[in-house]
Amino acid sequence: MRKHLGFAGRSAGFLCILCVCILITYRIITPKICYDEMLSTTLSYVNFYEIKKDTTDVIFLGSSLAATACIPQEMYDRYGIRSYNLASEKQSPVISYYWLKEALRRQSPKVVVMDCNYLFQTNDKILNTTEDAIWRAIDYMKWSPVKLEAIRTVCELDAEQSFGSYLFPNIRYHERWAELTEEDFTLARIANEYDLKGYSPLAGQWGGEGEAPYGKGADAGKTPMLPLMERYLDDIVALCEQEGTALILINVPQLHADAGKYQTMQKYAQEHGVSYYDFNEKTLYAASDYDFATDSYDTAHTNLWGAQKITAYLGGILEKEYGIRGNTDEQWESTKASYAAIRKDCELIHMTDIDNYIEALRDDRYSVFLSAKGGYAAALRDSTVQRLRQAGLEVALQTDDSKEDFYCYYAVLSDGQTEEYIGYDQRVCSGSIRNGKTTFEITGGGSILIDGEEVSRQKEGLNIVVYHNVKNRVLDSVCFDTSTEENTANR
């Protein structure tokens, strides 16, 4: 008997260890989308589970158009409205439905706001989205009956999907072991440092011209929704009604918006008693003060400044028409600094005044590399030299008229430490930042290498590269042409 008990105990212990190992490898090998060029999907879902139960007034759902257009922190800062963004890249309404079910397990939102983009055909896939987009949306949903139902539904609708690949992503991603990065081992730290309540900021500006494509009475034939997508929209409407939650459908500004889709959504909203706001309609476009050239990242996605306008308008609607009152909540108070920091990052890459730019570089999150090239001192301003000195540099940036060549100059500012050189010899400075995790090599001739890659503009003047110590990547590379009076910024 004791033999049997001992064997059973050892077997149970082995199985426990095996399960722990599987869970650890599951966490490590599953891709992390944290600082992606477009979205931070992983952080959106990981941080959602940190929100206290029944403290969220508004939930955002939908595709990347919603993820980049609706800013929960902006809405809280302006109106005190507590919201969270659960949108993700190419999010099918099927996935939106299950994320709504999952959200309702933890929160009791007064309003759900959902973008309409993927109700209409975007590709030839059964679920109107790609397989990897579904993986990204489901992988970080916590295990529950909702997740199991979502996986089962996806696999039933799409025969190409495998139930096992969701249960054991270790198999799906078995080739990732050779591609693992720092993010795969530091997700908890990253999630703690970068909490935007699901919002994915875009800093670029499209710059092209555009205008709202249709008026309120736009006369166009209706563009039909995909039947499966409409069915799941019906389910979302029904679920909201069951929970006593209002539903708002939106469409963000897009250069190629379809008036036929506008007509379809207007009719659907009227028939189902839900609200619909299309920011491509001329009156609403004007009321939000949107400008395609400066407020769009590309022809479909809003950038930070466009998102602030869309969020501000929606916040006004939620406050006035839905009676959502402002609250003071430490969960949103504590992330104000994170949002302010991301705004600064976005603004930095558009700065063209050298003095303001150098002032902005005084930030512990940044490592800064400077390398001068050519006649960099010819039109260098005293105010610029003063700001560099305030940043911790000696900056003896001048030329010797008795020599034919200009001085060689470079500088590094990181972790409160500085390294600086000026002279006629072409020296090379090499070292590392972030406790040796990132290497650099810099010369006084305009070259700046990060992890072996040339990242400097290498133009005449002061070449500056800003490395983001939190995001572990180059944030900006610019050269201010200090050889001319204009000190023009070149990116």
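Residues numbered from 1 in each chain as written. Predicted model: local features only at pLDDT ≥ 70, side-chain atom pairs only at ≥ 80, totals over all residues. Heavy atoms only, no water.

### So, the packing of helix H5 (residues 93–106) against helix H7 (residues 145–157)
Argument step 1. Their axes nearest at 10 Å, the elements H5 and H7 cross at an angle of 170°. Judged by the angle between their axes, H5 and H7 are roughly antiparallel. The segment H5 lies against H7, with Val-94, Ile-95, Tyr-98, Lys-101, Glu-102 and Arg-105 engaging Val-146, Glu-149, Ala-150, Thr-153, Val-154 and Leu-157.
Argument step 2. Here the residues of the contact of H5 with H7 are counted per class, giving 7 nonpolar, 1 polar and 4 charged. (Axes fitted to C-alpha atoms, helices over the stretch in contact; angles between N-to-C directions. Helix = DSSP H or I, 4+ residues; strand = E, 2+ residues; numbered from the N terminus. Parallel < 35°, antiparallel > 145°, perpendicular 65-115°, else oblique. Contact = heavy atoms within 4.5 Å. Nonpolar A, V, L, I, M, F, W, Y, C, P; charged D, E, K, R; others polar.)

### Brief notes about the packing of aromatic side chains
Argument step 1. Under the definition given, this model contains 17 aromatic pairs.
Argument step 2. Measuring from ring centre to ring centre gives 6.2 Å for Phe-48 and Trp-99, while their planes differ by 85°; the resulting arrangement is edge-to-face. Placement of the pair is Phe-48 in helix H2 (residues 41–48) and Trp-99 in helix H5, with a sequence separation of 51 residues. The same class applies to Phe-48 and to Trp-99, which are both buried.
Argument step 3. Each residue in the set Tyr-45, Phe-48, Tyr-49, Tyr-84 and Trp-99 is aromatic and connected to the rest through ring pairs, giving one cluster.
Argument step 4. Its guanidinium or amino end placed over the ring of Trp-143, Lys-147 lies 4.2 Å from that ring's centre, counting from NZ or CZ.
Argument step 5. Between the NZ or CZ atom of Lys-197 and the centre of the ring of Trp-332, over which it lies, the distance is 5.4 Å. (Phe/Tyr/Trp six-rings, centres within 6.5 Å; stacked < 30°, edge-to-face > 60°. Buried < 20%, exposed > 50% of the residue type's maximum accessible area, 1.4 Å probe, protein only. Lys NZ or Arg CZ within 6 Å of the ring centre and 35° of its normal.)

### With respect to the sheet that holds strand E14 (residues 473–480)
Argument step 1. Taken in spatial order, the 6 strands line up as E8-E7-E6-E13-E14-E15 in an open sheet, and their pairing is antiparallel. Each edge of the open sheet is held by one strand with a lone partner, namely strand E8 (417–423) and strand E15 (489–490).
Argument step 2. By the bridge criterion, 8 bridges tie strand E6 (residues 366–373) to strand E13 (residues 461–468) in an arrangement that is antiparallel. Bridging across to E13, Ser-367 finds its partner in Tyr-467. (Pairing = 2+ DSSP bridges.)

### Focus: the sheet that holds strand E9 (residues 428–433)
Argument step 1. If you trace the 4 strands from one edge of the open sheet to the other, you get E9-E10-E11-E12, paired in antiparallel fashion. The open sheet has two edge strands with one neighbour each: E9 and strand E12 (453–454).
Argument step 2. The sheet contact formed by strand E10 (residues 438–443) and strand E11 (residues 448–450) spans 3 bridges and is antiparallel. Looking at the pairing, Phe-440 lines up with Ile-450 of E11.

### Observations concerning the confidence of the model for the chain
Argument step 1. Overall, the predicted model of the chain reaches an average pLDDT of 88, with 84% of residues at or above 70.
Argument step 2. For the stretch residues 18–22, pLDDT sits under 50, and the model shows 1 contact to residues farther than four places along the chain or on other chains. (pLDDT = per-residue confidence, 0-100.)

### Details of the nonpolar core
Argument step 1. Leu-86, Trp-99, Leu-233, Leu-247, Leu-249 and Met-265 are the most contacted members of the largest nonpolar core, which totals 57 residues.
Argument step 2. Not counting residues up to four positions away in its chain, the partners in contact with Leu-249 are Met-114, Cys-116, Leu-233, Met-265, Tyr-268, Val-274, Ser-275, Tyr-276 and Tyr-277. (Core = buried A, V, L, I, M, F, W, Y, C linked by side-chain atoms within 4.5 Å.)

### Focus: a nonpolar patch on the surface
Argument step 1. There is a patch of nonpolar side chains on the surface, built from Trp-143, Leu-148 and Phe-163 and spanning about 260 Å² of accessible area.
Argument step 2. By secondary structure assignment, the location of Trp-143 is in the loop between helix H6 (131–139) and H7. (Patch = residues over 30% accessible without salt bridge, like charges linked within 9 Å, V, L, I, M, F, W, Y side chains within 5 Å. Areas by Shrake-Rupley, 256 points an atom, 1.4 Å probe, with all protein chains shown as cover. Salt bridge = Lys/Arg side-chain N within 4 Å of Asp/Glu carboxyl O.)

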